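# Reading the structure
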Amino acid sequence: MATEGDEKPPPAEVLAEIKAVVARAKSGDAKAVPRLREFLARFPLLWQRYGDLAAQAEVAWVNLAAGTDLHLKESLLRFAAEQRALLTRPSASPIEKLLVDRAVACWLQLQYFSAIEAGAIAGKDAPKVLHFWAERQVVAQRLFESALASLVAAQKLLPVAAPTCAAPPPEHPPTPASGSETVIVYEDSPFDLHNRLGSYFNPSPESTPPSTGSRRVGLVDGGHTRRKGVRHVTPCPADRVGTDARPAVPRSAGA
Amino acid sequence: MYVGTGANAQAAAQALARRHAEREAIRRTLHEAVVRLQTVDGLTTDLNMATAVLLEAYLLAEGFHRHNFGPWRRRRDGHGR
């Protein structure tokens, strides 16, 4: 018995025996199982295709939609393959591939029921029949939306495997020029995160507003941005440093 | 069903038979559709259920959670890792 499987499909003479063994196994004959296991180990294509629920569902919907029209069948299969390629990210995880297969199968189901419903309307079928197909179309639509929602959620939450050539790490924000009066203090700023306040805390040198004498001090800690406060520093004459900068108002002025 | 005698009764009986035949044809059409879709419906249902369970298990194992079927969120406190 060959333990390593052949990627080639079984030859015609073996195929007849496989069919007979499979038929026996399907009818519940336990004596056929050892021979069936031999065949499955020798020809992995058998279980890879038959065990793939998504592929089975896809082929079943294509067969149902196309019927005897082989041109439509081939076109649908190619379109499904293209959709699968478009939806799958490079180096996607197996669970993501499964979700893509599910979305494609649900898309085929939806297209089938849409076409059937349109045909029933055009053929002026009975209202009861129209209602049946419309209900099935609604259910298919809901399933497709659910499949897409799962796929999008998984793609959003689960990272793909890192590429072989890693991108350079994001640089820290440029520190403002030493002569500028706006001083921003950062600690471990999460610039790789999408932060709508990022431009506020990371002004580019050219977009830095002219000096207004305000002094901003920010602290970024683990993704939570906290402003320590904004202190307005009014330039004082050198002779008044260390003294009360408020202009002296005579007490008798308000009286 | 007895509808009486005479021309009017004959017409009523024919209309009744026609309606019965139409209803029977619709019933047969729907039954054929259900039988035709049975296998593929079963496959799609199995696929949907298996995928949903797998995704949920995978996300839980990755440290995500969701409250009352809401959106999946990553636990910030490290629980579930």
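All right, on to the overall build of chain A then. When its secondary structure is counted, chain A shows eight helices and two strands. Helices and strands in chain A line up, N terminus first, as α-α-α-α-α-α-α-α-β-β. A separation threshold of at least 6 residues defines the contact pool for chain A, and within that pool the share at least 24 residues apart is 56%.

With that settled, consider the overall build of chain B. A count of helices and strands for chain B gives one helix and two strands. Starting at the N terminus and walking to the C terminus, you meet the elements of chain B as α-β-β. Residues counted as buried form 7% of the 81 residues belonging to chain B.

If you look at the biggest cluster of nonpolar residues, it comprises 33 residues, and the most contacted ones within it are Trp 61, Ala 103, Ala 105, Cys 106 and Leu 108 of chain A. Elements with a minimum of two residues in this core: α4 (53-66), α5 (70-87), α6 (94-122) and α7 (127-157) of chain A together with α1 (7-61) of chain B. The residues touching Cys 106 of chain A, leaving out its near neighbours within four places in the chain, are Leu 143, Phe 144 and Ala 147 of chain A.

Turning our attention to the interface of chain B and chain A. In this complex, chain B contributes 20 residues to the contact, which on the side of chain A involves 23 residues. Grouping the constituent residues of the side of chain B that touches chain A by class yields 13 nonpolar, five polar and two charged.

On to unusual backbone geometry. Despite not being glycine, Lys 124 of chain A shows a phi value in the positive range, around 50 degrees. Along the polypeptide, Lys 124 of chain A turns up in the loop between α6 and α7. C-beta crowding within 10 Å serves as the criterion here: with 7 such atoms nearby, Lys 124 of chain A is assigned to the exposed category. The backbone of Phe 69 of chain B shows a phi angle near 60 degrees, a positive value even though the residue is not glycine. Take Phe 69 of chain B: there are 5 C-beta atoms within 10 Å of it, and that puts it in the exposed class.

So, on to α1 of chain B. Here α1 of chain B spans 78 Å end to end across 55 residues, near enough to the 81 Å set by a 1.5 Å rise per residue. Residue Gln 38 of chain B marks the point of greatest curvature in α1 of chain B, where the axis turns by about 45 degrees. Looking at α1 of chain B, one finds that the buried residues are Val 40, Thr 44, Leu 47, Thr 51, Leu 55 and Leu 59 of chain B. Considering only its buried residues, α1 of chain B is in contact with α4, α6 and α7 of chain A together with β1 (64-65) of chain B. Positive phi shows up at Gly 63 of chain B, right after α1 of chain B, with a value of about 95 degrees.

On to the packing of α7 of chain A against α1 of chain B, then. Where α7 of chain A contacts α1 of chain B, the axes come no closer than 12 Å and their chain directions differ by 15 degrees. In terms of their interaxial angle, α7 of chain A and α1 of chain B are classed as roughly parallel. Remark: the crossing between α7 of chain A and α1 of chain B carries left-handed chirality. Taken together, the residues of α1 of chain B that come into contact with α7 of chain A (itself represented by Lys 128, Val 129, Phe 132, Leu 143, Ser 150, Ala 154 and Leu 157 of chain A) are Ile 26, Thr 29, Leu 30, Ala 33, Asn 48, Leu 55 and Leu 59 of chain B. A per-class count over the contact of α7 of chain A with α1 of chain B returns ten nonpolar, three polar and one charged.

A rise of 1.5 Å per residue sets the reference length of α6 of chain A, with its 29 residues, at 42 Å; its end C-alpha atoms lie 42 Å apart and thus fit the reference within 8%. Of the residues trailing α6 of chain A, Lys 124 of chain A is marked for its positive phi of about 50 degrees.

This part covers the confidence of the model for chain A. Residues and elements named next belong to chain A. Mean pLDDT over chain A: 72, with 60% of residues reaching 70 or higher. A low-confidence stretch, residues 173-193 (pLDDT under 50), is modelled with 42 contacts involving residues beyond four sequence positions or located in other chains. In the predicted structure, residues 207-234 sits below a pLDDT of 50 and forms 50 contacts with residues beyond four places in sequence or in another chain.

Time to look at the packing of helix α1 (residues 12-26) of chain A against helix α2 (residues 33-42) of chain A. All names here are of chain A. Their axes nearest at 9 Å, the elements α1 and α2 cross at an angle of 130 degrees. What the angle tells us is that α1 and α2 run oblique. Between α1 and α2 lies a crossing of left-handed hand. The segment α1 lies against α2, with Ile 18, Val 21, Val 22 and Ala 25 engaging Val 33, Arg 35, Leu 36 and Phe 39.

Conventions adopted
Residues numbered from 1 in each chain as written. Chains lettered and ligands numbered in written order. Predicted model: local features only at pLDDT ≥ 70, side-chain atom pairs only at ≥ 80, totals over all residues. Helix = DSSP H or I, 4+ residues; strand = E, 2+ residues; numbered from the N terminus. Contact = placed C-beta atoms within 7 Å. Buried ≥ 20, exposed ≤ 12 C-beta atoms within 10 Å, placed from the backbone. Core = buried A, V, L, I, M, F, W, Y, C linked by C-beta atoms within 7 Å. Nonpolar A, V, L, I, M, F, W, Y, C, P; charged D, E, K, R; others polar. Expected span 1.5 Å × (residues − 1). Bend = angle between axes of the 7 residues up to and from the residue. Axes fitted to C-alpha atoms, helices over the stretch in contact; angles between N-to-C directions. Parallel < 35°, antiparallel > 145°, perpendicular 65-115°, else oblique. Left-handed = near helix turned anticlockwise from the far one by under 90°. pLDDT = per-residue confidence, 0-100.

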